[in-house]
Amino acid sequence: MSGPHAKRLGPGLMPLRTIGEIRAALRSNRGFPNDQSSFEADLQRALEASSEAELTAVASVIVDYRGRIRLCQDPDFETAVQECIDLMGHLRGETDER
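On a predicted model such as this, the values are computed, not experimentally measured, just so you know. (Residues numbered from 1 in each chain as written. Predicted model: local features only at pLDDT ≥ 70, side-chain atom pairs only at ≥ 80, totals over all residues. Heavy atoms only, no water.)

Draft legend 1. Highlighting helix α3 (residues 56–73). End to end, α3 covers 26 Å across 18 residues, agreeing with the expected 26 Å (1.5 Å per residue, within 8%). Looking at α3, one finds that the buried residues are Val-58, Val-61, Ile-62, Tyr-65, Ile-69 and Gln-73. The buried residues of α3 occupy an angular sector of 105 degrees when projected down its axis, which confines them to one face. Where the residues of α3 are buried, they touch α1 (19–27) and α2 (35–49). (Helix = DSSP H or I, 4+ residues; strand = E, 2+ residues; numbered from the N terminus. Expected span 1.5 Å × (residues − 1). Buried < 20%, exposed > 50% of the residue type's maximum accessible area, 1.4 Å probe, protein only. Arc of directions from axis to C-beta. Contact = heavy atoms within 4.5 Å.)

Draft legend 2. Spatial organisation of the packing of aromatic side chains. Under the defined criterion, the tally for this structure stands at two aromatic pairs. Where Phe-32 meets Phe-77, the ring centres are 5.8 Å apart and the plane angle is 70 degrees; that geometry is what we call edge-to-face. Taken as a pair, Phe-32 in the loop between α1 and α2 and Phe-77 in helix α4 (residues 77–97) lie far apart in primary sequence, 45 residues in all. Relative to Tyr-65, the ring of Phe-39 lies with its centre 5.1 Å away and its plane at 70 degrees, an arrangement referred to as edge-to-face. You can see Phe-39 sitting in helix α2 and its partner Tyr-65 sitting in helix α3, a full 26 residues away along the chain. Looking at Phe-39, the relative accessible area reads 0%, which means it is buried. (Phe/Tyr/Trp six-rings, centres within 6.5 Å; stacked < 30°, edge-to-face > 60°.)

Draft legend 3. Fine view of the packing of α1 against α2. In contact at an axis separation of 9 Å, α1 and α2 are set at 150 degrees when each is read in the N-to-C sense. Between α1 and α2, the interaxial angle falls into the category roughly antiparallel. Of the residues in α2, those in contact with Ile-19, Ile-22, Arg-23, Leu-26 and Arg-27 of α1 are Asp-35, Gln-36, Phe-39, Glu-40 and Leu-43. Partitioned by chemical class, the residues of the contact of α1 with α2 number five nonpolar, one polar and four charged. (Axes fitted to C-alpha atoms, helices over the stretch in contact; angles between N-to-C directions. Parallel < 35°, antiparallel > 145°, perpendicular 65-115°, else oblique. Nonpolar A, V, L, I, M, F, W, Y, C, P; charged D, E, K, R; others polar.)

Here's what the structure looks like:
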């Protein structure tokens, strides 16, 4: 039985509920380039800066990288990035002509 806010994962999407699942996804190259080493460094810094009772910085790192992995898994992501690049090139071309 799932809660009211449970999300259904599509085929090939990892659940990403634990640090281990995030690490596994990054080892599988499901994030941006260098995310695996960046995640470990960011997580280490957050842990060092946190007290035992306040782990907000650690949670922020986990949420950030989970979002990055999800973004890279989105089939429309590359199309959106290319549209943005094309638009930037178009706008720069208009600016250069003036």
